[in-house]
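# Geometric and topological summary
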Amino acid sequence: MNSVTLFFVVCLAALNGCLAADMQWYRTAQSTADRLTKQSNLKFQDDFHFDQVITINRSSTFQTIIGFGGAFTDAASFIFSKLNSTLQAQVLNMYFSDQGLRYNMARLPIGSCDFSLMNYNYDSTSGDANLTKFSIDHDKSQIIPLIKKANATILKGSGDALYIVATPWSPPNWLKENNSPYCPTDCAGGCVLKDQYRDTWALYFSKFLSAYKAEGVDIWGITIQNEPEYCPHNYEAMHFTPEAERDFLKDHLGPKLSQDHPDVNILIYDHNKDHVVNWVQTIYSDAEAAKYVWGTAIHWYTGDQFDNVNQAHNLFPNKPILATEATEAREENPANPVWGKGEHYAHDIIGDLNNWVVGWIDWNLVLDIQGGPNHKGPNNCEGPELCGFDGMLLADTDKQIIYPQVFYYYMGHFSKFLARGSVRVWSLVDNSSLECLSVLTPDSGMVVVVLNRGQDAVTFKLLDINVGGQKQALKITALPHSIQTFLY
Ligand SMILES: *[C@@H]1O[C@H](CO)[C@@H](O)[C@H](O)[C@H]1NC(C)=O
Ligand SMILES: *[C@@H]1O[C@H](CO)[C@@H](O)[C@H](O)[C@H]1NC(C)=O
Ligand SMILES: *[C@@H]1O[C@H](CO)[C@@H](O)[C@H](O)[C@H]1NC(C)=O
Ligand SMILES: *[C@@H]1O[C@H](CO)[C@@H](O)[C@H](O)[C@H]1NC(C)=O
Ligand SMILES: *[C@@H]1O[C@H](CO)[C@@H](O)[C@H](O)[C@H]1NC(C)=O
């Protein structure tokens, strides 16, 4: 018997053993030690009957994914600077390397926000309408060095361009009616741009982009205003109605940036999913405003509201939607984190991406074990829970210990495998409470993420109707409170 004959005999005996692709998979499960841990390979076989099914149809395709990331806040950069060189390298690797989460996006505040050590801006000279005193010196000590190290880590790994979305929380006080970086008690009382400084505020964006470029950091996009409908009195904010943001964009910011920085993408809104439909209708219905805009940025603080995201897409399918901020309340015990936070992240990512969202950015990359620093507290806090927030990595800078939180691993089940350029494909969950997201990567690999938020194990059939022209399936169990990513 020659080797070719032997090959066929063995194949016939093993039935699908020769045709079926090996499937790699990774798991995180509460009841095990698995944390984004590679499992033994599996193999597909011929289809069989089983009631609980997840079906994948790669011929039915949706949006293209651009990436995942976290935020280079002042607070995160400060905590990073307090870590020794071993731990700094560890944080960079955990987020940006091929061994880590493979982040290729980030958010960057333009000036201070709540997660800053203090209030600051890039031109505090009152009346300097031409911004002759503009300077990003503040960012040169900690923020820009961290960005450069992150970028260098990515370049050694995936090689993706690092897409940074930059966002202002407030202009310098002299540009605002209420002459403060904060708001009064609510959105009334002049927490808005002074009319006479609208061109100055547009110039400020342009100068920010130029200054970063001069430092070797290209900014991919900006949002016009962080959370324009929220007006806190104890941290940086400014109010825009959708009409006011549309007009500032159309008459000032859009023309200025299309002239000075035509490659930089402009995103609108940057706030919760509850009102996203109204915002896209108001701004994109005006063609003169819409022509300057790449897409829409959303946050998650009013709940799932995936239907709103779907509707925003259906109304304006050429304007991509990007999730730009999410975080959890402060973790009381970083060494024993709450599992459900990871599940909340995964649930939102799956729901958003199944409704056309193209990327998903977490908030502060690293915080201290109080969930800070945050300059609005402690005296300005409205309650301890509002003073700090959670970070995927919490660092005890005295003891030089990093505590990865559960949602670090849950995020990794997406960010590590859904390479930029992946296209979402159709999937359907039948007869179980599992949640699923499936994509085809640029090198034609399938990635299927399956989330089980329930307390019971769920055995299901993963059915792909077209694996190399064949209907293939396998049976597998999703442990209670687990997430798994399958690659084939
Ligand atoms: C779901 O369960 C029902 C009842 O057992 C079964 O008839 C149906 O075929 C199942 N759905 C799929 C897609 O297998
Ligand atoms: C898979 O998707 C393609 C493209 O939408 C569609 O034509 C086909 O009917 C689908 N197959 C099944 C079995 O649903
Ligand atoms: C940094 O701190 C960790 C944990 O205490 C320690 O293991 C490591 O050796 C330190 N690295 C340096 C360069 O001091
Ligand atoms: C800004 O520059 C313009 C044009 O050079 C000049 O006319 C104007 O006086 C300047 N404004 C201020 C406040 O310096
Ligand atoms: C990353 O580094 C590359 C190569 O030096 C550079 O072209 C790019 O602008 C950098 N990106 C960022 C966001 O710093």
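Residues numbered from 1 in each chain as written. Chains lettered and ligands numbered in written order. Predicted model: local features only at pLDDT ≥ 70, side-chain atom pairs only at ≥ 80, totals over all residues. Heavy atoms only, no water.

For the protein, the helix and strand inventory stands at 13 helices and 22 strands. Compactness check: the protein gives a C-alpha radius of gyration of 24 Å against a globular reference of 23 Å for 488 residues, within 12% of the reference. Projecting the C-alpha coordinates of the protein onto the three principal axes gives extents of approximately 90 × 55 × 40 Å. Split into buried and exposed, the 488 residues of the protein put 58% on the buried side. (Helix = DSSP H or I, 4+ residues; strand = E, 2+ residues; numbered from the N terminus. Rg over C-alpha atoms; globule rule 2.2 N^0.38 Å. Buried < 20%, exposed > 50% of the residue type's maximum accessible area, 1.4 Å probe, protein only.)

Let us look at the site of ligand 5. Lining the immediate environment of ligand 5, one finds N151, L155, L162, I164, G216, V217 and D218. D218 places a polar side-chain atom, nitrogen or oxygen, 3.0 Å from an oxygen atom of ligand 5. When the free accessible area of ligand 5 is taken as 370 Å², the share hidden by the protein chains comes to 62%. For the shell around ligand 5, the residue count by class is four nonpolar, two polar and one charged. (Near = heavy atom within 4 Å. Polar contact = N/O pair within 3.5 Å; in protein donor to acceptor, adjacent residues only side chain to side chain. Areas by Shrake-Rupley, 256 points an atom, 1.4 Å probe, with all protein chains shown as cover. Nonpolar A, V, L, I, M, F, W, Y, C, P; charged D, E, K, R; others polar.)

Looking now at the packing of aromatic side chains. How two aromatic rings sit relative to each other is set out by the distance from centre to centre and by the angle between their planes. This model, assessed by the stated rule, comprises 32 aromatic pairs. Their ring planes at 40° and their centres at 4.8 Å tell us that W201 and Y204 sit as a pair that is tilted. Of this pair, W201 and Y204 both sit in helix 6 (residues 198–214), three residues apart, which is roughly one turn of the helix. Y204 carries the same exposure label as W201, and that label is buried. Among the aromatic residues, ring-to-ring pairing joins Y122, F134, W201, Y204, F205, F208 and Y212 into one connected group. The residue whose ring lies beneath K319 is Y284, and the NZ or CZ to ring-centre distance is 5.4 Å. One Lys or Arg, R424, reaches over the ring of F62 and ends 4.0 Å from the middle of that ring. (Phe/Tyr/Trp six-rings, centres within 6.5 Å; stacked < 30°, edge-to-face > 60°. Lys NZ or Arg CZ within 6 Å of the ring centre and 35° of its normal.)

Functional significance is not addressed by these values, which are geometric in nature.
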